[in-house]
There are 2 protein chains.
Amino acid sequence: MSKERLVVAVVGATGAVGREMLKTLEEREFPAYEVRALASARSAGTTVPFKGGELTVQELTEDSFGDVDIALFSAGGGTSAKFAPHAVKAGCVVVDNSSQWRMDERCPLVVPEVNPDDLKWHNGIIANPNCSTIQMVVALKPLHDAATIRRVVVSTYQAVSGTGQKAIDELETQVRQMFNLQEPEAKVYPHRIAFNCLPHIDVFLEDGYTKEERKMIEETVKIMGDASIKVTATTVRVPVFYGHSESLNVETEKKLTAAQARAVLSQAPGVTVLDNPEEKIYPMAIDAAGEDDTFVGRIREDHTIENGLNMWVVADNLRKGAALNAVQVAEELIDRSLLDIGDPDKFL
Amino acid sequence: MSKERLVVAVVGATGAVGREMLKTLEEREFPAYEVRALASARSAGTTVPFKGGELTVQELTEDSFGDVDIALFSAGGGTSAKFAPHAVKAGCVVVDNSSQWRMDERCPLVVPEVNPDDLKWHNGIIANPNCSTIQMVVALKPLHDAATIRRVVVSTYQAVSGTGQKAIDELETQVRQMFNLQEPEAKVYPHRIAFNCLPHIDVFLEDGYTKEERKMIEETVKIMGDASIKVTATTVRVPVFYGHSESLNVETEKKLTAAQARAVLSQAPGVTVLDNPEEKIYPMAIDAAGEDDTFVGRIREDHTIENGLNMWVVADNLRKGAALNAVQVAEELIDRSLLDIGDPDKFL
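Residues numbered from 1 in each chain as written. Chains lettered and ligands numbered in written order. Predicted model: local features only at pLDDT ≥ 70, side-chain atom pairs only at ≥ 80, totals over all residues.

### Structural notes on the overall build of chain A
We apply this condition: Put simply, DSSP H or I for four residues or longer makes a helix, DSSP E for two residues or longer makes a strand, and each gets a number counted from the N terminus. For a compact globule the rule gives 2.2 Å times the number of residues to the power 0.38, and the radius of gyration it is set against comes from C-alpha atoms.
When helices and strands are counted, chain A shows 8 helices and 14 strands. Taking 2.2 N^0.38 as the reference for a compact globule, 348 residues should give roughly 20 Å; the C-alpha atoms of chain A span a radius of gyration of 20 Å, in line with that estimate.

### Quick word on the interface of chain A and chain B
Stated precisely, the cut-off is as follows: We call two residues in contact if the C-beta atoms placed from their backbones are at most 7 Å apart. Classification used: nonpolar for Ala, Val, Leu, Ile, Met, Phe, Trp, Tyr, Cys and Pro, charged for Asp, Glu, Lys and Arg, polar for all others including Gly.
Contacts between the two partners involve 47 residues from chain A and, on the opposite side, 47 residues from chain B. If you list the elements that add at least two residues to the side of chain A that touches chain B, you get β9 (149-157), α4 (165-179), β10 (230-234), β11 (244-252), α7 (285-288), β13 (294-301) and β14 (308-315) of chain A. Of the residues contributing to the side of chain A that touches chain B, the split by class is 24 nonpolar, 13 polar and 10 charged.

### Examining the sheet that holds strand β10 (residues 230-234) of chain B
Residue and element names in this part refer to chain B. For clarity, the cut-off: Pairing between strands requires that DSSP locate at least two bridges from one strand to the other. The axes are straight lines fitted to the C-alpha atoms, using for helices just the contacting stretch, and the angles between their N-to-C directions are given from 0 to 180°.
In space, the 6 strands of this open sheet follow the order β10-β9-β11-β14-β13-β12, with mixed pairing throughout. Because the sheet does not close on itself, it has two edges, and the strands there are β10 and β12 (271-273). Averaged over all pairs of adjacent strands, the angle between strand axes in this sheet comes to 25°, irrespective of strand direction. Taken together, the 8 bridges between strand β11 (residues 244-252) and strand β14 (residues 308-315) define a ladder with antiparallel strand orientation. By the bridge assignment, N249 is partnered in β14 with N310. Its contacts with the sheet put helix α5 (residues 211-224) on β9 (149-157) and β10, and the angle it makes with β10 is roughly 160°. Lying over the sheet, helix α6 (residues 258-266) contacts β12, β13 (294-301) and β14, oriented at roughly 165° with respect to β13.

### Concerning the sheet that holds strand β6 (residues 70-73) of chain B
All names here are of chain B. If you trace the 6 strands from one edge of the open sheet to the other, you get β5-β2-β1-β6-β7-β8, paired in parallel fashion. Edge positions in the open sheet fall to β5 (58-59) and β8 (125-127), since each of these has one partner strand only. Of the strands in this sheet, β1 (7-11), β6, β7 (93-96) and β8 touch helix α2 (residues 77-89), which is tilted by about 160° from β7.

### Some remarks on the nonpolar core
Heads up, the condition is: Buried Ala, Val, Leu, Ile, Met, Phe, Trp, Tyr and Cys residues form a nonpolar core when they are connected through C-beta atoms within 7 Å. Here the C-beta atoms are placed from the backbone, and a residue counts as buried if at least 20 other C-beta atoms lie within 10 Å of its own, exposed if 12 or fewer do, and partly exposed otherwise.
Core analysis: the largest hydrophobic core is formed by 220 residues, its most contacted members being A71 and L72 of chain A together with A71 and L72 of chain B. Those residues within four positions of L72 of chain A in sequence are excluded, and the remaining contacts are V8, V10, V11, M21, V95, A326 and A330 of chain A.

### Thoughts on the environment of P199 of chain A
Tracing the chain through its elements places P199 of chain A in the loop between α4 and α5 (211-224). Given 24 C-beta atoms within a 10 Å radius, P199 of chain A is considered buried. As for P199 of chain A and S155 of chain A, which are separated by 44 residues in sequence, their C-alpha atoms are 9.9 Å apart. With residues up to four places along the chain from it excluded, the contact list for P199 of chain A reads T234 and V236 of chain A together with Y282, R298 and W312 of chain B.

### A word on the packing of helix α3 (residues 131-147) of chain B against helix α8 (residues 319-335) of chain B
All names here are of chain B. Put simply, the rule reads: Here the word oblique covers every angle except those under 35 degrees (roughly parallel), over 145 (roughly antiparallel) and from 65 to 115 (roughly perpendicular).
The contact between α3 and α8 brings their axes to 8 Å, and the two run at 85°. As summarised for this structure, α3 and α8 are arranged roughly perpendicular, according to the angle between their axes. Residues C131, I134 and Q135 of α3 form the contact with α8, whose own contacting residues are K320, G321, A322 and N325.

### Some thoughts on the confidence of the model for chain A
Rules: Confidence per residue, as judged by the predictor, is encoded in pLDDT with a range of 0 to 100.
Averaged over chain A, the pLDDT score is 97; the fraction of residues at 70 or greater is 99%. Predicted complex metrics record ipTM = 0.96 and pTM = 0.96.

### Some words on the domain arrangement of chain A
All names here are of chain A. Filter applied, for reference: Boundaries between domains were set according to an automatic or database domain assignment.
The assigned domain composition of chain A is domain 1 (3-129 + 323-335) and domain 2 (132-166 + 196-317). The centre of domain 1, based on its C-alpha atoms, is set 26 Å off from the matching centre of domain 2. Here the side of domain 1 that touches domain 2 is built from residues that sort into 7 nonpolar, 4 polar and 2 charged.

### Considerations on the relation of the copies chain A and chain B
Rules: The fit set for superposing copies consists of C-alpha atoms from residues with pLDDT of at least 70 in both; the fit itself is least squares.
Mapping chain A onto chain B leaves a residual RMSD of 0.0 Å; the transformation is a rotation of 180° accompanied by 0.0 Å of translation along its axis. The two molecules are tied by a two-fold rotation axis, judged by turn and shift. Of the interface residues in chain A, 100% have counterparts in chain B that sit at the interface too, so the contact is made through matching surfaces.

### So, helix α3 (residues 131-147) of chain A
Residues and elements named next belong to chain A. Our working rule: Multiplying 1.5 Å by the residue count of a helix minus one yields the expected span of that helix. Here the bend at a residue is taken as the angle between two axes, fitted respectively to the seven residues that end there and the seven that start there.
For α3, with 17 residues, the first-to-last C-alpha span of 25 Å sits near the 24 Å given by 1.5 Å per residue. The sharpest bend along α3 comes to roughly 30°, located at L140, with the proline P142 sitting one to four residues further on. Buried residues dominate α3, accounting for 15 of its 17 residues. At the exit of α3 stands T148, carrying a positive phi of roughly 60°.

### Comments concerning unusual backbone geometry
Trans peptide bonds make up most of the peptide bonds, and negative phi angles are found at most residues other than glycine. Of note in the backbone geometry, F195 of chain A takes a positive phi value of approximately 50° without being a glycine. Along the chain, F195 of chain A falls in the loop between α4 and α5. One non-glycine residue, R298 of chain B, lies in positive phi territory at about 50°. Mapped onto the elements, R298 of chain B comes out in strand β13.

### Here's the deal with the pairing of β10 of chain A
Residues and elements named next belong to chain A. Buried residues dominate β10, accounting for 4 of its 5 residues. In this sheet, β10 lies alongside β9 in parallel orientation, the contact comprising 5 bridges. If you follow V154 over to β10, its bridge partner there is A233.

### Considering the environment of A139 of chain B
All names here are of chain B. Within the element layout of this structure, A139 appears in helix α3. Taking the number of C-beta atoms within 10 Å as the measure of exposure, A139 has 28 and is therefore buried. The spatial distance from the C-alpha of A139 to the C-alpha of D275 is 14 Å, given a sequence separation of 136 residues. The residues touching A139, leaving out its near neighbours within four places in the chain, are L265, V271, T294, V296, M311 and V313.

As structure tokens, this is what we get:
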């Protein structure tokens, strides 16, 4: 592969995350010679905006990756399962936003601010973590380094854009229907999301947790590289368009005062501390939308345990939670010259 | 006082909770000979609906309580501080929905399903707990009896109606403004609530907690009558009109499996268990609105500690969280013949 003529493909270019990936590549002046938009046959021939012009969407096939150096996948787990191995076979490094490869032992699961060194052992597919997990670990890592995290209790307040464009449309449509005295229709979610909270994200598992909750528990351990960190989660969809919020209760081995935690987080990469309650300053979804950083505030000591902290963590779920993290991974791969693939048949 | 000719006054009858109190008295066929609506001079002369007709609102003064047996106050802490002592002086028992008397040692803080016996030692004023606290203790009490609760980590998802009618109007207005491409105005809350989450309810205290969070911590101990129960809270306003939701993480002394917790809660007064994830059945604000019970679901074992449970608790914040609980307290006072006041000067 030649950096001078780097070809990047966005797979699932017409989706909410795909569009954000294109926007992020553009904004960050990603060093690509060519950016290609791929999607299913249904979307082939349509266009997506890029750099003031448009890209014509090409149909995704097993042969799409012959001259592609990096493919950013965001087209669902099924598409990733089917096509990522073919991309790798063709010599293309895949950064995959689906959950398909995240817990696969052959694939590093990377948040550049947290575990960039895991990129060194990739085999062609690097997994992008779940959106709720990414912003949580960005906030947890500096605290773990400073005081060793033992346990985290997290409750989430997740935006509908995490589900995709259809869910954005559904929230808007339901609100309009209600304001026009019509019965709101639920199609994307099993129940009405307008002016409601749904304690249900992704499918339910046997032990009563949702898959989203399981992801936050398992992915955190893999990313942080420390199986001693225990996480329990309740994930909830709220009627917000953009920006996931999270209420975190964190127990550490060593004592961190709120002031110390604030100081540690203020120095951390990718984190902005917004924590001045007197001035009514704290992180909010509407402020995080469109921003790259993870915002942390409401930092205060939990008086019920010896070494505990409560905090409120907000980030743009489409950017840091998906598109931006994937592009950052791609940037790291280039900067560290990690685009070589050892065994191209590893996933076939 | 004579039960046959019981006079009940609703103080703050024009507010969101006051109107709900009137509705609750009506629906439960409360044994009142007369129901009187009181409010500030500003509202005097207006009417409020009651039993198919209307009540004309009378001005609240220090002399309003001469022939009143029970007064349900919901007109803010200042009004309760000023007028409740005069009501007691006149021989009227006060059930107060404000935070004014809750932590006062002279006043029991009562949720009838949890600590009805505390009514026995009242001195004329019985405090109604904070809305978020009420639904939480209704769900916690049966678990505490079964397995002894040590620690609770709660994150709330609170409806705007908890703030009052003005906040209900503000959410609606902001949504309409946004859908008409106008800039949404924030008047009641410091920031936009439409399609946003505000980690800020009531004022901030010195240690970084809000007063709402402090209430959940302190009131729980007082109601449960057990200072060993440790609670930490993060309280959050969400763009929902009616119904508070809560994510609870509960640590107990004895082990309770999810099935055992479900069985215990199914038998508990005022609780309905809605916990069938396979059928997508769990508590939601839109279902709880207009209902009397506290709904509990998503009950599952927390694998990060030896004896832990996660659960999702939802109730109508205006009903069980305020009006209904106050009316239930009044009913208990009548049933137990506890309307006598020992020292009428106790609060003056």
